[in-house]
Amino acid sequence: MRIAIVGPTFPYKGGGAHHTTELAHRLAAAGHEVTLESWRAQYPSFLYPGKQTIPAPEGTPFPGTSRELSWRRPDGWLSAGRRLRSRDLVVLAVLAPVQVPAYLGMLYGLRRRTPVVALCHNVLPHERKPYDVPLMRALLRRVDGVLVHSAEQAELARSLTDRPVRVAEMPAHLPTSPVPGRVAGAAGPRTGEQRRLLFFGMVRPYKGLDVLLRALAAGPGDVGLTVAGEFWGGEDETRELVARLGLAGRVDLRPGYVPAQDVPGLFGAADALVLPYRSATASQNVWMAYEHGVPVIATRIGGFGEQVRDGVDGLVCEPDDVGSLTGAIERFYARGEPARLRAGVRPVDHGPRWAAYVDELLATPAGPSNAERQAET
């Protein structure tokens, strides 16, 4: 099958770029002819308060990649759609509604000559703007099928479109994720209990760092926390909360993007990764922690309840609940528990998960046949 994927890839950073690139590799390894249409300029800098790209890729770039798309050039959206008419399937990686105008331009260029699947990382953003729903409704009603990563997201997608919606668990797309022809890196050795927790990744309100800080203040007084990642909108509010809670000596804020080479050291210095999210669709951070031999304390939302085996390789608590998270931290640091939970962590074999994901993507209903499409135009 001749497949085109449209989405971010290196030198863009973050999970979206890793997922798009890994998907291209996996589809090619499965025997498909794959091209990756990516961005020269994905969106205006004022829409993303952080650095969009990094100097060196943190994975293996996909060889069949074109980086011609730009938010400044609507004519390029149309020409990309025309180029992709000869493909058997087009996959649009949808990370945010800001991408929708470009994708609508491509759909206009395609003129319904090729089946199109919207692969939605988030059907709607966690922090929504008034235009998000109409934009996503416009896109999802014009594609042939929608693939999402949780049952909750499927329900949300079905509220916006009558197109077929399928669900597939998001497999790992880590910098060290194994792919045919590539070898995964290994986690460094552990040196015993650290009395330190880790919050990792971009800091945004829905991720609940403020809940974690309040739980930390209420929990064992000798436990520290490292917060490593970019701060969406700045770190002043977090610093003020740290000071107000009397945590200045226990919380280490490391603002900024974390390069892949620094990740093993961060996880090696922590007893557990904490995911205090208020809401979630899917996250790679559980898999990343397990790759480094670190248990996880997570809220019972999104896919965390299935990824974390409560009492085996981590603990699960209630979202947006300081008391519940405090209790989880106290249970985690009961005598012998950090070592016991760490012993329960096993790296996941992501090969079967990726195979199932690819099968689900390719099975996403594509609507009328090409002949029927051409008859409509």
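Treat the numbers as computed from the prediction; the structure is a model and nothing was measured.

What counts, and at which threshold
- Residues numbered from 1 in each chain as written.
- Predicted model: local features only at pLDDT ≥ 70, side-chain atom pairs only at ≥ 80, totals over all residues.
- Heavy atoms only, no water.
- Helix = DSSP H or I, 4+ residues; strand = E, 2+ residues; numbered from the N terminus.
- Buried < 20%, exposed > 50% of the residue type's maximum accessible area, 1.4 Å probe, protein only.
- Areas by Shrake-Rupley, 256 points an atom, 1.4 Å probe, with all protein chains shown as cover.
- pLDDT = per-residue confidence, 0-100.
- Contact = heavy atoms within 4.5 Å.
- Pairing = 2+ DSSP bridges.
- Axes fitted to C-alpha atoms, helices over the stretch in contact; angles between N-to-C directions.
- Parallel < 35°, antiparallel > 145°, perpendicular 65-115°, else oblique.
- Left-handed = near helix turned anticlockwise from the far one by under 90°.
- Nonpolar A, V, L, I, M, F, W, Y, C, P; charged D, E, K, R; others polar.
- Right-handed = clockwise from strand over helix to strand, strands pointing away.
- 1 Å grid on protein atoms, 1.4 Å probe; cavity = no way out; pocket = protein on both sides within 12 Å on 5 of 7 lines; lining within 4 Å.
- Points joined across faces, edges and corners; volume = space filled by probe spheres on them.

Of the regular secondary structure elements, the chain holds 14 helices and 13 strands. In the chain, which comprises 377 residues, the proportion classed as buried is 52%. About 15800 Å² of surface is accessible on the chain, with carbon and sulfur atoms providing 52% of the total.

Before going further, it helps to spend a moment on the confidence of the model for the chain. When pLDDT is averaged along the chain, the result is 87; 89% of the residues meet or exceed 70. This stretch, residues 176-189, has a pLDDT under 50; its non-local contacts, to residues over four places away or in other chains, come to 20 contacts. In the model, residues 366-377 has pLDDT below 50 throughout and makes 21 contacts with residues more than four positions away in sequence or in other chains.

Turning to unusual backbone geometry, a few remarks are in order. In this structure, Pro11 follows Phe10 across a cis peptide bond, with omega equal to 15°. Structurally, the position occupied by Pro11 is in the loop between strand S1 (2-6) and helix H1 (15-29). Notably, Arg195 is not glycine yet its phi reads approximately 55°, a positive angle. Judged by its relative accessible area of 23%, Arg195 is partly exposed. Here the phi dihedral of Asp320 falls at roughly 55°; this positive angle occurs in a residue that is not glycine. With respect to the helices, strands and loops of the structure, Asp320 is situated in the loop between strand S13 (314-317) and helix H11 (322-332).

Attention now goes to the sheet that holds strand S7 (residues 165-167). With respect to topology, 7 strands assemble into an open sheet ordered S3-S2-S1-S4-S5-S6-S7, the strand pairing being parallel. In this open sheet, the two strands that pair with only one neighbour each are strand S3 (65-70) and S7. Mean inter-strand twist for the sheet, computed between neighbouring axes without regard to direction, equals 25°. Of the pairings in the sheet, the one linking strand S6 (residues 145-148) to S7 comprises 3 bridges and is parallel in character. The partner of Val148 across the bridge, within S7, is Val167.

What follows deals with the packing of helix H3 (residues 100-110) against helix H4 (residues 132-140). Where H3 contacts H4, the axes come no closer than 10 Å and their chain directions differ by 20°. It follows that H3 is roughly parallel to H4 by the angle criterion. The chirality of how H3 crosses H4 is left-handed. Residues Val100, Tyr103, Leu104 and Leu107 of H3 touch H4, and the partners they reach there are Leu135, Met136, Ala138 and Leu139. Taken together, the residues that form the contact of H3 with H4 break down as 8 nonpolar, no polar and no charged.

Taking burial as the measure, the 5 residues of strand S5 (residues 116-120) include 5 buried ones, the bulk of the element. Judged from the 5 bridges that link them, strand S4 (residues 89-94) and S5 form a sheet pairing that is parallel. In the sheet register, Val90 faces S5, and the bridge partner there is Val116. Taken together, S4, H3 and S5 constitute a β-α-β crossover, and its handedness is right-handed. Pairing between S5 and S6: 3 bridges, direction parallel.

Before going further, it helps to examine the layout of surface pockets. Of the pockets and cavities examined, the second largest pocket occupies roughly 350 Å³. Contributing to the lining of the second largest pocket are 19 residues, with Val203, Pro205, Asp210, Glu237 and Thr238 lying nearest its centre. Taken together, the elements giving at least two residues each to the lining of the second largest pocket come down to helix H6 (209-218) and helix H7 (236-244). Tallying contributions element by element places H7 first for the lining of the second largest pocket, with 6 residues. Of the residues contributing to the lining of the second largest pocket, the split by class is 7 nonpolar, 3 polar and 9 charged.

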